[in-house]
Amino acid sequence: MSYDNDNIFAKILRGEIPCDKVFEDDYALAFRDINPQAPIHVLVIPKGAYVDMDDFSANGTDSEIIGFMRATGQVARELGAVHGGYRLLANNGADANQEVPHLHVHIFAGRNLGPMLKRFDG
Ligand code: DGP
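Note on numbering: residues in each chain are counted from 1, in written sequence order. The predicted origin of the model limits local features to residues at a pLDDT of at least 70 and limits the giving and counting of side-chain atom pairs to 80 or more, whereas totals for whole chains, interfaces and linings rest on all residues. Water and hydrogen atoms were dropped before computing side-chain values, which therefore reflect all heavy atoms in the structure.

Novice: Outline the packing of aromatic side chains, listing residues and values.
Specialist: Centres within 6.5 Å make a pair out of two Phe, Tyr or Trp rings, where for Trp the six-membered ring is used; the pair is then stacked when the planes are under 30 degrees apart, edge-to-face when over 60, and tilted otherwise. Using the criterion set out here, one finds three aromatic pairs in the structure. A centroid spacing of 5.4 Å and a plane angle of 75° characterise the contact between Phe9 and Phe31, whose relative ring orientation is edge-to-face. Highlighted residues: Phe9 in helix H1 (residues 8-13) and Phe31 in strand S2 (residues 28-32), separated in sequence by 22 residues. Accessibility assignment for this pair places Phe9 and Phe31 in one class, buried. Counting every residue linked through ring pairs, the aromatic cluster contains Tyr50, Phe56 and Phe68. Put simply, DSSP marks the helices as runs of H or I at least four residues long and the strands as runs of E at least two long, and each gets a number from the N terminus on. A simple rule labels every residue: compare its accessible area, found with a 1.4 Å probe on the protein chains alone, to the largest value its type can have, and call it buried under 20%, exposed over 50%, or partly exposed in between.

Novice: Explain the site of the ligand to me, and be specific about the residues and the numbers.
Specialist: The criterion for a residue being near a molecule or strand is simple. One of its heavy atoms has to lie within 4 Å of it. Taken together, 15 residues sit near the ligand, with Asp33, Asn91, Glu99, His104 and His106 positioned nearest. We define a polar contact as two N or O atoms separated by no more than 3.5 Å, with the added condition that, inside protein, one atom must be a possible hydrogen donor and the other a possible acceptor, whereas residues neighbouring each other in sequence contribute only through side-chain atom pairs. Between the ligand and Glu99, the relevant distance is 2.6 Å, taken from an oxygen atom to a main-chain nitrogen or oxygen of the residue. Between the ligand and Val100 there is a distance of 3.2 Å, counted from an oxygen atom to a backbone nitrogen or oxygen. Where accessible areas are quoted, they stem from the Shrake-Rupley method and a 1.4 Å probe; at the residue level, only the protein chains shown are allowed to cover. Contact with the protein chains hides 85% of the accessible area of the ligand, taken as 510 Å² for the molecule alone. Secondary-structure elements contributing two or more residues to the shell around the ligand are H1 and S2. Considering every element that reaches the shell around the ligand, the biggest residue donor is H1, with three residues.

Novice: So, the sheet that holds S2: which residues are in play, and what are the values?
Specialist: Pairs of strands are assigned from DSSP output, requiring at least two bridges between the strands. Strands sit in the order S1-S2-S3-S5-S4 across an open sheet of five strands; the sheet is antiparallel. At either end of the open sheet lies a strand with only one pairing partner, and these are strand S1 (21-24) and strand S4 (86-89). Along the sheet, successive strands turn relative to each other by an average axial angle of 20°, direction set aside. Alignment of strand S3 (residues 40-46) against strand S5 (residues 105-109), held across five bridges, turns out to be antiparallel. Opposite Ile40, over in S5, you have Ala109 as the bridge partner. Axis angles are defined between N-to-C directions and span 0 to 180 degrees, where every axis is a line fitted to C-alpha atoms and, for a helix, only to the segment in contact.

Novice: Lay out the environment of Met53 with the relevant residues and their values.
Specialist: When you line up the elements, Met53 lands in helix H2 (residues 53-59). When the C-alpha atoms of Met53 and Gly93 are compared, they prove to be 9.2 Å apart, with 40 residues separating the residues in sequence. Contact definition: two residues touch when any of their heavy atoms are within 4.5 Å. Every residue in contact with Met53, bar those within four places of it in the chain, is listed here: Ala90, Asn92 and Leu103.

Take a look at the structure:
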């Protein structure tokens, strides 16, 4: 899939749409999810135009990938999520129900998060 410059997170990165920012550096922006699923629910996105993890892992520069990973860990630390624990989740593509076509990693924390997925009975 090619990158859609008009996706909602591209607009947030350009400052065209507001967000509740918690962190920003050269490589990443982190902001609170509009529809939180946990007491702490923050999205971390790379500054570069990458559709998803597949695109980023294949086409991101080493600096971008390292910078994004370090930023994600730093955000979790700054949110106070390390002691109690946290979950990272990145939906990639149709079966994962990815809604926004700009790579984003969810950070969930602040309560016991339960099982990772609904049980697969198939
Ligand atoms: P995903 O299914 O992984 O693509 O999740 C997209 C998430 O993005 C979803 O939890 C809701 C959130 N979201 C969608 N639009 C906005 C927005 O305009 N602002 C913020 N802060 N979050 C948004």
